[in-house]
Amino acid sequence: MKILVTGGLGYIGAHTVVELQAAGYEVIIVDNLSNTRIAVLDKIEQISGIRPQYSNFDLADRNACFDFFKNTKNIEGIIHFAAYKAVGESVQKPIMYYHNNIGSLINIMENMELHNIPNLVFSSSCTVYGQPDELPVTEQAPRKPAMSPYGNTKQIAEDIIRDTIYSSKLKSIALRYFNPVGAHETALIGELPLGVPNNLMPFITQTASGIRQQLSVFGEDYNTPDGTAIRDYIHVVDLAKAHVIAVKRMIEKTGKLDFEIFNLGTGNGFSVLEVIKSFEKVSEKKLNYKIVDRREGDIEKVWANTDFANMELGWKAEKSLDEMTLSSWNYQLELDKNN
Ligand code: UD1
């Protein structure tokens with residue numbers, strides 16, 4: 001059973017590759033290293049004892065993509081992570097985002113049809129809900145107009161998948177992630193974006209280790225108990241396990257619809273200050289932070305209703321916030337050791 005994992009050397013991709021290997025799947029990775037490092041391949045091998053097949057090319061490059069599929073046989077399913085994901089950057093460079101995130105999906109789906117590869121698991125995001133009217137947010141909640149080109153690429157991608165499936169034999173599961181954080185228990189893989197992190201958790205750990213001077217907390221005037229914004233943080237290993245279940249569901253044809261959508265979160269919301277407190281507790285370090293203005297485009301609060309994923313996938317996020325912050329910190333300490 002060969003599974004193609006695009007973006008398999010990225011943060012969520014690498015954790016998913018390890019879980020797929022543990023479940024007995026053969027993995028092929030395509031990654032152009034646009035936001036990760038080749039060393040991740042060695043780390044995956046260190047964890048699982050198996051070095052996955054790996055190709056480095058840009059999936060938005062039509063010729064390269066068609067060549068790859070022509071030369072790679074027996075792919076049972078694809079998990080498509082490869083995409084840009086920085087909200088602010090997408091506002092500055094929308095064409096780059098549409099070209100990469102939409103172009104690569106179109107190339108992949110054309111090849112799925114051409115080579116009869118029926119199963120696609122797609123990385124979607126809770127960003128498609130915008131600020132939901134009701135919390136916790138269910139999969140039935142209306143999608144709100146996207147707040148950024150990045151968010152729009154996720155909505156458009158879901159639409160492209162739905163429309164393509166309607167007129168073909170393809171099937172797909174879109175997984176709408178809430179906020180993935182944390183790292184593998186070995187501390188060999190984790191979240192390590194190139195350059196200055198945009199996301200909260202790597203910014204926290206890099207501040208604690210002295211790489212960044214100070215964490216800015218974006219806004220304390222939200223309508224939340226402590227005034228800071230609330231998100232549903234989910235441990236990346238819990239998230240990775242859901243991908244293995246989704247792939248299995250597609251291969252074993254136990255799904256109910258040709259296109260299924262699931263929220264992947266814990267169902268619990270935590271504020272930015274609560275995350276900081278958890279981090280300070282588990283790391284026994286005081287974090288240097290200051291409250292600044294809200295960040296443009298941020299929503300106030302969102303957390304998932306996970307009933308549908310729990311029931312249909314038989315999956316439930318298991319790890320606590322403290323486990324998330326501790327594993328993120330352990331990963332940072334491991335990085336610091338080697339620098
Ligand atoms: C955003 C996207 C999400 C996307 C993710 C990937 C939306 C609504 N969410 O998540 O879809 O998958 O990026 O990059 O588009 N914060 C600080 N200081 C910081 C960084 C963050 O206070 O230095 C706060 C933010 O204001 C937010 C929370 O921490 O309240 C989480 O932020 P972040 O980790 O960037 O994720 P989202 O913006 O929620």
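Just so it is clear, the model here is predicted, and its values are computed rather than measured.

Conventions used here
- Residues numbered from 1 in each chain as written.
- Predicted model: local features only at pLDDT ≥ 70, side-chain atom pairs only at ≥ 80, totals over all residues.
- Heavy atoms only, no water.
- Near = heavy atom within 4 Å.
- Polar contact = N/O pair within 3.5 Å; in protein donor to acceptor, adjacent residues only side chain to side chain.
- Areas by Shrake-Rupley, 256 points an atom, 1.4 Å probe, with all protein chains shown as cover.
- Nonpolar A, V, L, I, M, F, W, Y, C, P; charged D, E, K, R; others polar.
- Axes fitted to C-alpha atoms, helices over the stretch in contact; angles between N-to-C directions.
- Helix = DSSP H or I, 4+ residues; strand = E, 2+ residues; numbered from the N terminus.
- Parallel < 35°, antiparallel > 145°, perpendicular 65-115°, else oblique.
- Left-handed = near helix turned anticlockwise from the far one by under 90°.
- Contact = heavy atoms within 4.5 Å.
- Salt bridge = Lys/Arg side-chain N within 4 Å of Asp/Glu carboxyl O.

## Some details on the site of the ligand
Part 1 of the argument: Close to the ligand lie 19 residues; S125, T127, S216, R231 and D298 are nearest.
Part 2 of the argument: A distance of 2.7 Å is found between a nitrogen atom of the ligand and a backbone nitrogen or oxygen belonging to S216.
Part 3 of the argument: Contacts to the ligand include D298, whose side-chain N or O atom sits 2.5 Å from an oxygen atom.
Part 4 of the argument: Across the complex, the protein chains shield 90% of the 740 Å² of accessible surface that the ligand would expose by itself.
Part 5 of the argument: Across the shell around the ligand, the residue classes tally to 9 nonpolar, 6 polar and 4 charged.

## Points about the packing of helix α3 (residues 62-71) against helix α5 (residues 94-114)
Part 1 of the argument: Relative to each other, α3 and α5 sit at 30°, their axes nearing to 10 Å. Regarding the angle of α3 to α5, the classification is roughly parallel. Judged by the sense of rotation from one axis to the other, the crossing of α3 with α5 is right-handed. Contacts between α3 and α5 involve R62, C65, F66 and F69 on the former and, on the latter, N107, I108, E110, N111 and L114.
Part 2 of the argument: Residue composition of the contact of α3 with α5, grouped by class: 5 nonpolar, 2 polar and 2 charged.

## Structural notes on the packing of helix α7 (residues 200-208) against helix α9 (residues 272-283)
Part 1 of the argument: Interaxial distance between α7 and α9 falls to 11 Å at its minimum, and their mutual angle equals 40°. The angle between the axes of α7 and α9 places the two elements in the oblique class. Note on packing geometry: the crossing formed by α7 with α9 is right-handed. Within the contact between the two elements, α7 uses L200, M201, I204, T205 and A208 and α9 uses V272, V275, I276 and F279.
Part 2 of the argument: Residues of the contact of α7 with α9, tallied by class, amount to 8 nonpolar, 1 polar and no charged.

## So, the pattern of salt bridges
Part 1 of the argument: According to the stated counting rule, one finds 23 salt bridges in the structure shown.
Part 2 of the argument: With its nearest N and O atoms 2.7 Å apart, the salt bridge here joins E260 to R249. Taken as a pair, E260 in strand β11 (residues 259-264) and R249 in helix α8 (residues 236-251) lie far apart in primary sequence, 11 residues in all.
Part 3 of the argument: The network of salt bridges with shared partners includes R143, E158, D159, R162, D163 and R176.

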